[in-house]
Amino acid sequence: MKGLPEAIGARLPRRDAADKLAGAARYTDDLSRPGMLHAAILGSPWPSARILGIDTAAARALPGVRAVLTGADLPDRRWGLFVYDETPLAAGVVRYVGEPVAAVAAADLATARAAAALIEVDYEELTPVLSIEAALEDGAVPVHREFGSYEKRPDLGFERVNEIARQEFSEGDVEAAWADCDVIVEGVYQVPSQSHVYLEPVSAIAEFDRAGKLTVRSANQSVNKVQATLSRALDLPMSKIRVVTPAVGGAFGGKSGVTVQPLVAHLARVTGRPVKLTLTREEDFMAMRRRHPAVVRVRTGAKADGTLIARDLDIVYDGGAYAEDSPAVLGFGLLMARGPYAIPHCRLRGRAVYTNRLRAAGFRGYGNPQVTFATEAQIDELADRLGLDPVELRLKNAVEAGGRWIGGQTITSCGLRACLTEARDTSGWAGKRRDGGIGAGGKRRGVGVSAFAHICGLLGTSATVRLLEDGTAALAHSAVDLGQGAEAALAQICAGALDIDVDRVDSAPADSGAAPYNWSTGGSRVTYMVGRAVMQAADAVRQQIARHAAETFECAPGDIEIRPGGRAGIVGVPERELSFGEISLRAHYRTGGPIIGSGALVYDGEAFDYKEAVIRNYPFERVGTYVFGAHVVEVEVDTVTGKVEILRAWAAHDVGRAINPTSVEGQILGGFVQGAGYALLEEMLWEDGQPVNPSMMDYKVFGALDLPLDIHPIIVEEPEPSGPFGAKGIGEPPLVGAAPAIANAVAHATGLRLRTIPMTPERVLDALAAAAER
Amino acid sequence: MQLFHPTTIDEAVALLAAHDEARCIAGGQSLVAMLNLGLLDPPALVSLRKVEGLDRLTRHADGSVAMGAAVTQAALASTDLPGALAVLSEAAQQVAHPAIRNFGTVGGALCHADPAADLPPAFVAADARLTAIGPDGARSIRAEDFFLDYLTTALAEDEILTEIRLPPPPPGSVGAYHKFARVDGDYATVSVAVALTLEDGICRAARVVLGSCAAQPLRLDAADAALADTQLDSDAVARAGALLQDSAEPLADMRGSADYRRRIIPGLVARAVEAARARSEAPA
């Protein structure tokens, strides 16, 4: 293979970076439309209650108020990803504190908020379901009495009241395999509800034109998903809906479906005016989305030599009040529950349940962080029992390219071993491992490791590349850039495929009216999936360029080569060449028409093998193209306060090919930091169904001063044959591996295994005190 | 809500007296947050930003310090103060974030009287004297008499805190502020402000004050006495920590349970005392 084009692997700055630094980037809330009204919502004070009546008279009477909507004013058109259980405003009952019950549109925001506060709602409180246990107990109150009547995607597998889904991935014979194990570890692990805390709270502006076409500008991860859901919610054909995305201030999965767009569209429809709704931070905390908390029961067995033999895992995810992405989060967690190890006997089962708390949804890692926290703890617990080095135990069992994932798919590329050895060797693992528990001033040091996997291939996408008259290119796709650098990476792939400078590739922000379909910016899939569509589109353009050149030079298209810098010429004849500009002018004005290439695909990796594995109710027949990583983290545990401080971290990730290494490193750092918050700090809490920390005052995230500069991203490149220039994904894995490596480091420092995160100072101190009493 | 911009203290006092439940606003870093949260809805705000001289910080030759109530936390944070008064700068450096310190004033933080805030325990440790001016003139209040309860001070409704005076720190005095918080910029889970007077390795006087451990900054004569005339050996420090621990009545909130806060008091007191003592040994 010849060398890579210049654009591939280039550390190019983002095109939006200067605007963002200068405060010039325009987010949805920065925008205004002529005649625009401002909206406010009123949230439920109860976790479960029947709405007996709503008095909106005082709100309507307030000067400046243009509309007040309640659930009763809206058509009964529900939406959802798997269970159609969602409405824009509570319909008859409320199911979590903060659920929008009424909305106001007014001439200004202060009036809208004042009017919302004047709405009087008469509730009859109902018995809420406030925990996983309560949801599943005999005689449990159903969170959705109407569940049976909802439209659903088939095969969710629910059996009991409040079960949203029940799934399984199993292989081999677990029960028989325990007899072959020399050591078995068993534990129950609890993981918290984490808030997305994107910097930009949810915001949307909706307006109808006089022909009845709806335009919605909003923070989202997929213009196409928003368009499709609006179509269902408003009973409008998709041809009458345009969804545009201004700059997005982070999403992490929290904006992957619709948020407030249907509500704002209804307000625009009844007022005939553009309407904007931006949630306050507190409203966003209370009414949007969160990571599924979960309880994980795991048992893992191994031979005395460290060969992993069997695993039995049972997980229950708290899905909250609405089903959202719970069935897919559940199944994906199970798909990751064997870990990146060849364990022959596995029974991996799980459920997602309704409770009267905020809906849970996709969140960076998508069910994987919950599972991996538990399973990677078990690998260390096994290593401890077997007297083996944790890295060696992982290397011994690590999957390899050509091996099989649970479910039977072939692993097409795998840099796991390289990740483990790189993280081990650059961290000085062996020395740090010897010195576990040592420290001064009441502090103890430890070092821990994790190995983990994820996917980057799923669902459908498309892209077009047009050659402009001057020979530069215009790339169109719908991979919304959430701040992570998708736009830059895809432009680099396009530039690489055409072998031109990246400044000669334009790409427009996601707009359902202008760019082709993409399922979502999510699942760590944009570089790999959309990148492949861009490759296809650019290849089609190359072919047309070659045909024009061949016609001009009167040779066969096969004799034409594309040369770096946007030229096409005859192989072996350097002086016989045309610029892309010359070719594009020929196409525009003489023959053939403007050059346009398109690419489109649905994930086309191997399907699951339903004969090799028991796979129950997983909603997809294929997702895959596995990615791998390994983290080593060094911590110091303060025995006075219980605080865990991260001293240094090494995060090695197999990305196939780093299209833009700077962006890859940014993803690794950001994911690790968010994962450190999950491990040590972040937890949304409720008391009697009431959220107790829905503000940035009470819910903290780590900032620049809380973590060390010594977080070292390590890029491992094991090219993926199907990927664009070999690239795979990186968005989520850096979060997945953080908590287990930190917990393993804490165990190394203190000898204590904490099975509940976040490992807050108080929890750590409690564990130290309990150990001292033993 | 009316907003007034007096240019003199007398004018400001008159405005407060004339408007029931009016509030002073200086940097607005606590008050505006309370307004936004709907916790306060005063009919009038009296801004102190145009009152002359309130932002002056003066170091006198005898080591005493006088600072106007509107000195910003950032200004205090960047001022080198002699001896034990270093506890004030050190506490100011740890208030929230730079943007907040740039606006937030020393007087505002004291008058807000949040027991989890950084400046109140530091000013009690430094034995500050607070000057309040009301319709009947000026009076001086010791810092430890100033904080009455959660968000409650000794100021009358029509009094304004105008100046804080710090007596000259004795020779050999050292100070330190040790804060334990969930993340940088958060309120303290527990904080310890310390002012010690050392003489040849013997502690002649000590003031140890806890933040976030009661409705107001917590100082105990007995705990301070436990340190006095000792070499600050670990037994003495542990005794002081245990006394403070026994008297602490911390709130439970997202930063920690009351029990947790109580448990970490002795260890944090030891660290704060050690940090202060280490200063006396450091080369000047």
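Data block above holds the structure.
Numbering of residues starts from 1 in each chain and follows the order in which that chain's sequence is written. Chains and ligands are labelled by the order in which they are written, letters from A for the one and numbers from 1 for the other. A pLDDT threshold of at least 70 governs which residues receive local features in this predicted model, and a stricter bar of 80 or more applies before side-chain atom pairs are shown or counted, although totals over entire chains, interfaces and linings include all residues. With hydrogens and water stripped out, all remaining heavy atoms of the structure feed into the side-chain values.

1. What about the side chain of A:Thr278?
Residue and element names in this part refer to chain A. The cut-off we apply is this: Runs of H or I in DSSP of at least four residues are treated as helices and runs of E of at least two as strands, each being numbered from the N terminus. Polar contacts here mean pairs of N or O atoms no more than 3.5 Å apart (in protein, one a potential hydrogen donor and the other a potential acceptor; neighbouring residues in sequence count only if both atoms are side-chain atoms). Any pair of residues with heavy atoms lying within 4.5 Å of one another is described as a contacting pair.
By the element assignment, Thr278 lies in strand β12 (residues 275–278). Polar contacts involving the side chain of Thr278 include one to the side chain of Asp29, which spans 2.6 Å. A polar contact of 2.8 Å, which involves the side chain of Thr278, links it to the side chain of Ser203. Apart from residues no more than four positions distant in its own chain, Thr278 is found in contact with Asp29, Arg113, Val202, Ser203 and Glu283.

2. As for the packing of helix α6 (residues 223–234) of chain A against helix α7 (residues 261–271) of chain A
Residue and element names in this part refer to chain A. Selection criterion: Between N-to-C directions, angles cover 0 to 180 degrees, with each direction set by a line fitted to C-alpha atoms, over the stretch in contact for helices. Angles are sorted into four bins: roughly parallel if under 35 degrees, roughly antiparallel if over 145, roughly perpendicular if 65 to 115, and oblique for all others. In a left-handed crossing the near helix is turned counterclockwise from the far helix by less than a right angle, and in a right-handed crossing that turn is clockwise. Classification convention: Asp, Glu, Lys, Arg as charged; Ala, Val, Leu, Ile, Met, Phe, Trp, Tyr, Cys, Pro as nonpolar; all other residues, Gly among them, as polar.
For the pair α6 and α7, interaxial distance at closest approach is 10 Å and the crossing angle is 50°. Considered as vectors, α6 and α7 are oriented oblique to each other. Crossing of α6 over α7 shows right-handed handedness. Residues Val226, Leu230, Ala233 and Leu234 of α6 lie in contact with α7, whose contacting residues are Gln261, Pro262, Ala265, His266 and Arg269. Looking at the contact of α6 with α7, its residues break down into 6 nonpolar, 2 polar and 1 charged.

3. Some points on the pairing of strand β1 (residues 37–43) of chain A
All names here are of chain A. In plain terms, the rule: Type-normalised accessible area, obtained with a 1.4 Å probe on protein chains alone, sets the label of each residue: buried when under 20%, exposed when over 50%, and partly exposed for intermediate values. Two strands pair if DSSP finds at least two bridges between them.
Of all 7 residues that make up β1, 5 are buried, and the element is covered over most of its length. As paired elements, β1 and β12 share 2 bridges and run parallel to each other. For His38, the partnering residue across the bridge sits in β12 and is Lys276. Note: β1 against strand β5 (residues 100–106), 6 bridges, orientation antiparallel. Residue pairing in the sheet places Gly43 in a bridge with Pro100 of β5.

4. Quick look at the state of the cysteines
Residues and elements named next belong to chain B. The following threshold applies: Any cysteine sulfur atom paired with another within 2.5 Å is treated as part of a disulfide.
Under the definition given, this model contains 0 disulfides over all chains. Cysteine Cys111 remains unbridged, with the sulfur of Cys24 as its closest cysteine sulfur at 7.6 Å. Here Cys111 falls in the partly exposed class, since its relative accessible area comes to 30%.

5. Overview of helix α10 (residues 234–247) of chain B
All names here are of chain B. Using the following cut-off: A helix's residues, less one, multiplied by 1.5 Å, set its expected span. The directions considered for the arc are those from the helix axis to the C-beta atoms.
For α10, with 14 residues, the first-to-last C-alpha span of 20 Å sits near the 20 Å given by 1.5 Å per residue. Listing the buried residues of α10 in full gives Ala236, Val237, Ala240, Gly241 and Leu244. Projected onto a plane normal to the axis of α10, the buried residues spread over an arc of 135° and lie on a single side. Away from its buried face by more than 90 degrees, α10 exposes Ser234, Asp235 and Asp246. Next to the buried residues of α10 lie β13 (202–211), β14 (218–219), α9 (221–227) and α11 (258–281).

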